[in-house]
Amino acid sequence: MNLVVLTGAGISAESGISTFRAADGLWENHRIEDVASPEGFMRDPALVHHFYNLRRAQLHEVVPNKAHQALAALERAWRGRGAFLLVTQNVDDLHERAGSRALRHMHGELRRLLCTACGETGPWHDDAGVDTPCPDCGAEAMRPDIVWFGEIPHHMDEIMEALGQADLFCAIGTSGVVYPAAGFAAQARRNGRNCVLYEINPTPTGGRYFDHVIAAPASEGVPELLCRLGVGADS
Ligand code: APR
């Protein structure tokens, strides 16, 4: 029984990190295209660095919630049952801090920087700016290691392979409007394995591929999923 879980901003909402598509259409008071596109970065790199410095600093103030913990327990309990892969669109580090290991950050990570001169990426826990030198080549050409609009998400080959082998798929806390992640449910549905699909969202997306919808916040919905899969949350 191979399981693929996809998470989005909703799973971190109860830890105090805002989702992207708030009612005002802004992300922490910025237009998304200003702070999440290569063009926005070219226009004003200092503003974009400052924006992500604030997001990175916020990681000191937040902790994983019950949903992150339950997913880490699910991964442990799944050993011996089949393959497990957790794919997150989130750039926070709450899944790994909760203990998840088979984890892929398809949209990058706040706690990493990418050098636009040499292409190296590496861990980064402090503020960064336009004059931050690359630890590898020394060029002052660092940017957040975040996948912006128009860029190719990370780990796509591995994710597509896992979706092709999935018997169970669960989307948690994602609005399902940003591709390619928005197409993962369809991909799993079409893999020829009679994959069973779950969604957990307090405001379900209405996605037509989901067999089971748990209309609840992730902190309640993920423990409920574990019950339905016969897995104890204390695994
Ligand atoms: N538990 C579960 N889901 C929740 C909760 C909660 N407590 N609170 C809100 N949600 C749901 C909302 O109903 C919504 O469907 O989380 C979803 C958040 O949607 P978005 O803000 O669009 O976040 P996401 O789907 O992760 O965005 C995808 O868009 O801007 C880009 O790269 C960015 O990774 C991001 C991508």
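The rules behind these values
Residues numbered from 1 in each chain as written. Predicted model: local features only at pLDDT ≥ 70, side-chain atom pairs only at ≥ 80, totals over all residues. Heavy atoms only, no water. Buried < 20%, exposed > 50% of the residue type's maximum accessible area, 1.4 Å probe, protein only. Helix = DSSP H or I, 4+ residues; strand = E, 2+ residues; numbered from the N terminus. Pairing = 2+ DSSP bridges. Right-handed = clockwise from strand over helix to strand, strands pointing away. Axes fitted to C-alpha atoms, helices over the stretch in contact; angles between N-to-C directions. Contact = heavy atoms within 4.5 Å. Polar contact = N/O pair within 3.5 Å; in protein donor to acceptor, adjacent residues only side chain to side chain. Salt bridge = Lys/Arg side-chain N within 4 Å of Asp/Glu carboxyl O. Near = heavy atom within 4 Å. Areas by Shrake-Rupley, 256 points an atom, 1.4 Å probe, with all protein chains shown as cover. Nonpolar A, V, L, I, M, F, W, Y, C, P; charged D, E, K, R; others polar.

A. Summary view of the pairing of strand E4 (residues 84-88). With five of five residues buried, E4 is to be regarded as a mostly interior element. Of the strand pairs in this sheet, strand E1 (residues 3-7) and E4 are connected by five bridges, and their pairing is parallel. Note that in E4 the partner of Thr 7 across the bridge is Thr 88. Alignment of E4 against strand E5 (residues 103-105), held across three bridges, turns out to be parallel. Bridging across to E5, Val 87 finds its partner in Arg 104.

B. How the structure looks around the pairing of strand E9 (residues 168-172). Counting buried positions along E9 yields five of five residues, so the element is predominantly enclosed. Along E9, one buried face is formed by Leu 168, Cys 170 and Ile 172 and the opposite face, lined by Phe 169 and Ala 171, is buried too. Summarising the sheet, E1 and E9 pair through five bridges and their orientation is parallel. Bridge pairing in E9 places Leu 3 opposite Leu 168. Here five bridges tie E9 to strand E10 (residues 196-200), and the two strands are oriented parallel to one another. Bridge pairing in E10 places Leu 168 opposite Val 196. One crossover worth recording links E9 to the parallel E10 by way of helix H8 (residues 184-189), and it is right-handed.

C. Looking closely at the sheet that holds E4. Pairing is parallel in the open sheet, where six strands are placed in the order E5-E4-E1-E9-E10-E11. Two strands bound the open sheet, and with one partner strand each, they are E5 and strand E11 (212-214). Each adjacent strand pair in this sheet contributes to an overall mean axis angle of 15 degrees, direction not counted. Here helix H7 (residues 156-164) sits on the sheet in contact with E1, E4, E5 and E9, set at roughly 130 degrees to E4. Sitting on the sheet, helix H9 (residues 218-228) is in contact with E9, E10 and E11, with an inclination near 155 degrees to E10.

D. The side chain of Asn 53, seen in detail. Within the secondary structure, Asn 53 sits in helix H4 (residues 45-58). Within the structure, the side chain of Asn 53 is placed 2.8 Å from the backbone oxygen of Ala 128, a separation counted as a polar contact.

E. Spotlight on the pattern of salt bridges. Applying the stated criterion across every chain yields a total of eleven salt bridges. A salt bridge links Arg 112 to Asp 145; the nearest nitrogen and oxygen atoms lie 3.8 Å apart. Placement of Arg 112 in strand E6 (residues 108-115) and of Asp 145 in strand E8 (residues 142-146) is noted, with a sequence separation of 33 residues between them. What makes Arg 112 partly exposed here is its relative accessible area of 23%. Note on Asp 145: relative accessible area 8%, which makes it buried.

F. Structural detail: the site of the ligand. The full set close to the ligand counts 20 residues, and Ala 9, Arg 21, Thr 174, Ser 175 and Asn 201 are the nearest of them. For the ligand, an oxygen atom lies 2.8 Å from a polar atom in the backbone of Ala 9. In the environment of the ligand, a nitrogen atom lies 3.4 Å from a nitrogen or oxygen atom belonging to the backbone of Gly 10. For the ligand, whose free accessible area comes to 740 Å², the fraction covered by protein is 88%. Each residue belonging to the shell around the ligand can be placed in one class, and the counts come to eight nonpolar, ten polar and two charged.

G. Geometry of unusual backbone geometry. The omega torsion of the bond from Tyr 179 to Pro 180 falls at 5 degrees, within 30 degrees of zero and hence cis. For His 155, which is not glycine, the phi torsion reads 65 degrees and is therefore positive. Classification of His 155 as partly exposed rests on a relative accessible area of 37%. Positive phi, normally seen in glycine, also occurs at Asn 194, with a value near 55 degrees. Within the secondary structure layout, Asn 194 lies in the loop between H8 and E10.

H. Looking closely at the sheet that holds strand E7 (residues 121-123). With antiparallel pairing, three strands are arranged side by side in an open sheet as E7-E6-E8. Each having just a single partner strand, E7 and E8 make up the two edges of the open sheet. The mean angle between the axes of side-by-side strands here comes to 40 degrees, regardless of whether they run parallel or antiparallel. For E6 and E8, the ladder comprises four bridges, and the chain directions are antiparallel. For Leu 114, the partnering residue across the bridge sits in E8 and is Arg 143.

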